[in-house]
Amino acid sequence: MTYVQQASLEDQLLAGFHPLVEIRVPYCIRNRAWKMQRLYQLIQYVAPIVGLAGITMIIIGVQGTPRNWTLVQQSLPLVILALVFRPQRGHPMYDLMGMQGSSRRPVAKPEDTPEAKEAKAFLAEVIEQNLAVLAHKPGDLAHHAAPAKLVPLLPGAKERNRSWIGGAPMLPADMAWPEVNGLPMLFVAQIALDELPEGIWGGLGPRDGWLAFFMPSEGRVDDDSRVFHLTGPVEACDWPDVPHSFYFGTSGDKAREALATVGFPVAQHPPRFPVAIRHHEGSTETRRSVGSDDNQRFAIQEDYDPRSLIYRPFDTISACGFVASLLSGQHQALKILAGNIERTERNLQKSENAEDQAKLRISLANDQQERATRDAAVAALEDVYSRLVAGPDSLLDTDATDALIAELDQIEVRRPQRTDDGTKWMSHSVIDEFWARSVSRDVFEIQLQEAMRTHPERISDSTRARYERLWRFDQEHQYATMGGPVHSGFIYSRARNPAFLLEIPSSELVGWMFGDVASFGMFIDPIDMKAGRWDKVWGDILN
């Protein structure tokens, strides 16, 4: 999901000092891009100095007696870097060096306008922040004490913990759903403070009520994130309409889109995951790598087969989801075919070569024939789907599931394959369609999670065992934390020596992603925390 806005002066500076920019970036990675742009602006200030130093070193090396070719070789990377990161048009250094005119003289600019003063203040802040990062020396501080580990419980767990991530918050009756920039915020977590370890944050924080964490649906996570300390009675709240789904960037996105396309109800936010709160042993920065050899998600990608007893539909709802994923695969293939046909027809009109025209006509005929088989497959799948939707929500026994799989296996599509002898037509079942396989796998997991919460008796022992092993793996490295030292990846937040309120990692189990498979953190100055100034909280995305 993206958004477009007229840029503020700050964004004009970050975009290269152009007066108008169009910003079109996902909300949860914009903060990272903003930091990188600030760093790039600073590099452009330094580049001319680095280049001058490199040229000076070359002159010394060449003119020295004897000539110092090692010095010359060492200076070349400096010159290259200076050229790569040279100030661009609109950058203050560009004007200061007189690069915009042949005279090479600085161009006078008014410095007393509000815009110029705001630009200077912003640049001074950028420099100050980066100097603070360079000067920062990490160390154990009192408010780093007693970090907590927040482990999401498996779907369907019987424990009734009073802290959770995802789902919806519980708020006081007189409290409206928080908004920022005129839009409803996204709920992240609600933590019961009396469940946290003794001494967390060095005893600065409260021990009663809850902390409710929210992030902006659109905007900047640093300025627009919010934390509320809730005391007294609270009650369940329903999510308001938000500009877009909270799900972002996970593999389950296409699965939810597939379900929504056929009108299947899809929640716009992750389900509620109660968390077990424990004292965190060791560094909170060390987590198991998702790329480790025993990653269970990689294993399921290899052995997933919807015909097997483990992965086949288990009730009417999961059967509807499976057929919806197959329909999604056909729609994706038809979309690509439509583009191919349009392009071939256009090329056929332009071509004046008889041999090329003949090849294009064959290609066009093949694509049209394949499209006809896919249209027929879509009609057959829609018929199966409508029959399933019309039936009651119930468990599918073995005979009913076998009959459904057999019926779907009879729905085939044909694809042309070019050979030396011409065109060979290959047939395969819609179940084996390349476009649908990953979607059907993710749809199955989404619906399995929900069934574990609502109808666990419908799940076979083999399916339960396979996915609980997967989810336990996710638990092991996708848990949240509170307290402890700030990670080195939060480079700007870390330099401020804040109290680490919360870190939520990207999670396939929960169904959200922050940045580039990174984490979302929330921070507060220890002085503000002691004073209960929760309006001073800020957010950050792990770099």
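The structure contained in this document is the topic of the report that follows. Every value quoted in this text rests on a predicted model; they were computed, and no experiment measured them. (Residues numbered from 1 in each chain as written. Predicted model: local features only at pLDDT ≥ 70, side-chain atom pairs only at ≥ 80, totals over all residues. Heavy atoms only, no water.)

**Focus: the pairing of strand 6 (residues 186-192)**
When you tally the buried positions in strand 6, you get seven out of seven residues, the bulk of the element. Where strand 2 (residues 164-165) lies against strand 6, two bridges are found, and the strand directions are antiparallel. Pairing of Ile-165 across the sheet is with Ala-189, part of strand 6. (Buried < 20%, exposed > 50% of the residue type's maximum accessible area, 1.4 Å probe, protein only. Helix = DSSP H or I, 4+ residues; strand = E, 2+ residues; numbered from the N terminus. Pairing = 2+ DSSP bridges.)

**Looking at the environment of Ile-504**
Along the chain, the position of Ile-504 falls in strand 14 (residues 499-505). Given the relative accessible area of 1%, Ile-504 is considered buried. Along the primary structure Ile-504 and Tyr-479 are separated by 25 residues, whereas in three dimensions their C-alpha atoms are 7.3 Å apart. Those residues in contact with Ile-504 that lie beyond four places of it in its chain are Ile-165, Val-188, Ala-480, Trp-512, Phe-514, Ser-519 and Phe-520. (Contact = heavy atoms within 4.5 Å.)

**Overview of empty space enclosed by the protein**
Applying the stated criterion across every chain yields a total of one cavity of 30 Å³ or more. By volume, the largest cavity amounts to about 50 Å³. Together, Tyr-304, Tyr-311, Arg-312, Pro-313, Ser-318, Gly-321, Phe-322, Ser-440, Val-443, Phe-444 and Gln-447 line the largest cavity. For the lining of the largest cavity, the secondary structure elements donating two or more residues are helix 9 (316-350) and helix 12 (434-454). For the lining of the largest cavity, the leading source of residues is helix 12, giving four residues. (1 Å grid on protein atoms, 1.4 Å probe; cavity = no way out; pocket = protein on both sides within 12 Å on 5 of 7 lines; lining within 4 Å. Points joined across faces, edges and corners; volume = space filled by probe spheres on them.)

**Details of the packing of helix 12 against helix 13 (residues 461-477)**
One can describe the packing of helix 12 onto helix 13 by two numbers: an axis separation of 12 Å at closest approach and a directional angle of 105°. The orientation of helix 12 with respect to helix 13, classified from their angle, is roughly perpendicular. Here Phe-444, Glu-445, Leu-448, Gln-449 and Met-452 of helix 12 come into contact with helix 13, specifically with Thr-463, Arg-464, Tyr-467, Glu-468, Leu-470 and Trp-471. Here the residues of the contact of helix 12 with helix 13 sort into six nonpolar, two polar and three charged. (Axes fitted to C-alpha atoms, helices over the stretch in contact; angles between N-to-C directions. Parallel < 35°, antiparallel > 145°, perpendicular 65-115°, else oblique. Nonpolar A, V, L, I, M, F, W, Y, C, P; charged D, E, K, R; others polar.)

**Remarks on helix 8 (residues 296-303)**
Regarding helix 8, the residues found buried are Gln-296, Arg-297 and Ile-300. The arc that holds every buried residue of helix 8, seen down its axis, measures 100°, which confines them to one face. (Arc of directions from axis to C-beta.)

**Quick word on unusual backbone geometry**
Positive phi outside glycine occurs at Asn-181, with the angle close to 55°. Structurally, the position occupied by Asn-181 is in the loop between strand 4 (179-180) and strand 5 (183-184). By relative accessible area, Asn-181 is classed as exposed at 53%. With a phi angle near 60°, Trp-201 is a residue other than glycine that sits in the positive phi range. Structurally, Trp-201 is set in the loop between strand 6 and strand 7 (210-215).

**Brief notes about the packing of helix 9 against helix 12**
The interhelical angle for the contact between helix 9 and helix 12, taken along N-to-C directions, is 155°, at an axis separation of 8 Å. The angle between the axes of helix 9 and helix 12 places the two elements in the roughly antiparallel class. The interaxial crossing formed by helix 9 with helix 12 has right-handed handedness. Residues Ile-317, Ser-318, Gly-321, Phe-322, Ser-325, Leu-326, Ser-328, Gly-329, Gln-332, Ala-333 and Ile-336 of helix 9 pack against Trp-435, Ala-436, Val-439, Ser-440, Val-443 and Gln-447 of helix 12. When the residues that make up the contact of helix 9 with helix 12 are grouped by side-chain class, the tally is nine nonpolar, eight polar and no charged. (Left-handed = near helix turned anticlockwise from the far one by under 90°.)

**Details of the pattern of salt bridges**
Throughout the structure, instances matching the rule amount to 24 salt bridges. We note a salt bridge from Asp-409 to Arg-307, for which the minimum N-O separation is 2.8 Å. Of this pair, Asp-409 sits in helix 11 (residues 398-409) while Arg-307 sits in the loop between helix 8 and helix 9, and the two are 102 residues apart along the sequence. Of the charged contacts in the structure, one is a salt bridge between Glu-355 and Lys-359, with a shortest N-O distance of 3.8 Å. (Salt bridge = Lys/Arg side-chain N within 4 Å of Asp/Glu carboxyl O.)

**Some points on the side chain of His-280**
Counting through the fold element by element, His-280 comes out in the loop between strand 10 (273-279) and helix 8. Here the side chain of His-280 touches Tyr-479 through a polar contact of 3.3 Å, side chain to side chain. (Polar contact = N/O pair within 3.5 Å; in protein donor to acceptor, adjacent residues only side chain to side chain.)

**Observations regarding the packing of aromatic side chains**
The relative placement of two aromatic rings is captured by the distance of their centres and the angle of their planes. Applying the stated criterion across every chain, the model contains 16 aromatic pairs. Judged by centre distance (5.2 Å) and plane angle (50°), the rings of Trp-177 and Trp-239 are tilted. Placement of Trp-177 in the loop between strand 3 (170-171) and strand 4 and of Trp-239 in the loop between strand 9 (235-236) and helix 7 (252-261) is noted, with a sequence separation of 62 residues between them. Each member of the pair Trp-177 and Trp-239 is classed as buried. Among the aromatic residues, ring-to-ring pairing joins Tyr-304, Tyr-311, Phe-314, Phe-444, Tyr-467 and Trp-471 into one connected group. (Phe/Tyr/Trp six-rings, centres within 6.5 Å; stacked < 30°, edge-to-face > 60°.)

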